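Geometric and topological summary
Now for the letters of each chain:
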Amino acid sequence: MLDQRIDRTCLSPHDMAICERVFDRVCADEGIDPLGLEAALVASMVVGIFRNAHTSERALLEAVKFRRQEAIARARISA
């Protein structure tokens, strides 16, 4: 019998397009250079959150922005 679970290790072109739009939006909104180190962290976060079931563009964008805000708040507290 075929495994019924969705394989989240590979992203389809549609999935990649969603992740790319969210990445572009976060970078634009936060003034992040899309080729910089911080952008690499954003890209990793976008794909990681996407793979954990936030597959609609809106939900993904909201989840990434929320996590980024949490990370920034934690960094300010520890500084």
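Data block above holds the structure.
Residues numbered from 1 in each chain as written. Predicted model: local features only at pLDDT ≥ 70, side-chain atom pairs only at ≥ 80, totals over all residues. Heavy atoms only, no water.

Points about the packing of helix H1 (residues 13-30) against helix H3 (residues 57-78)
Where H1 contacts H3, the axes come no closer than 10 Å and their chain directions differ by 40 degrees. Taken as axis vectors, H1 and H3 run oblique relative to one another. As for how H1 packs across H3, the hand of that crossing is right-handed. Across from Ile-18, Cys-19, Arg-21, Val-22, Arg-25, Val-26, Asp-29 and Glu-30 in H1, the residues of H3 making contact are Glu-57, Leu-60, Leu-61, Val-64, Lys-65 and Arg-68. (Axes fitted to C-alpha atoms, helices over the stretch in contact; angles between N-to-C directions. Helix = DSSP H or I, 4+ residues; strand = E, 2+ residues; numbered from the N terminus. Parallel < 35°, antiparallel > 145°, perpendicular 65-115°, else oblique. Left-handed = near helix turned anticlockwise from the far one by under 90°. Contact = heavy atoms within 4.5 Å.)

Section: the nonpolar core
Val-22, Val-26, Val-42, Val-46, Leu-60 and Val-64 are the most contacted members of the largest nonpolar core, which totals 16 residues. Secondary structure elements with two or more residues in this core: H1, helix H2 (37-51) and H3. In terms of residues, this core owes the most to one element, H1, which gives 6 residues. Excluding residues within four positions of it along the chain, Val-26 makes contact with Ile-32, Val-42, Leu-61, Val-64, Lys-65 and Arg-68. (Core = buried A, V, L, I, M, F, W, Y, C linked by side-chain atoms within 4.5 Å. Buried < 20%, exposed > 50% of the residue type's maximum accessible area, 1.4 Å probe, protein only.)

So, to be careful, I would describe these as geometric facts and stop short of saying anything about function.
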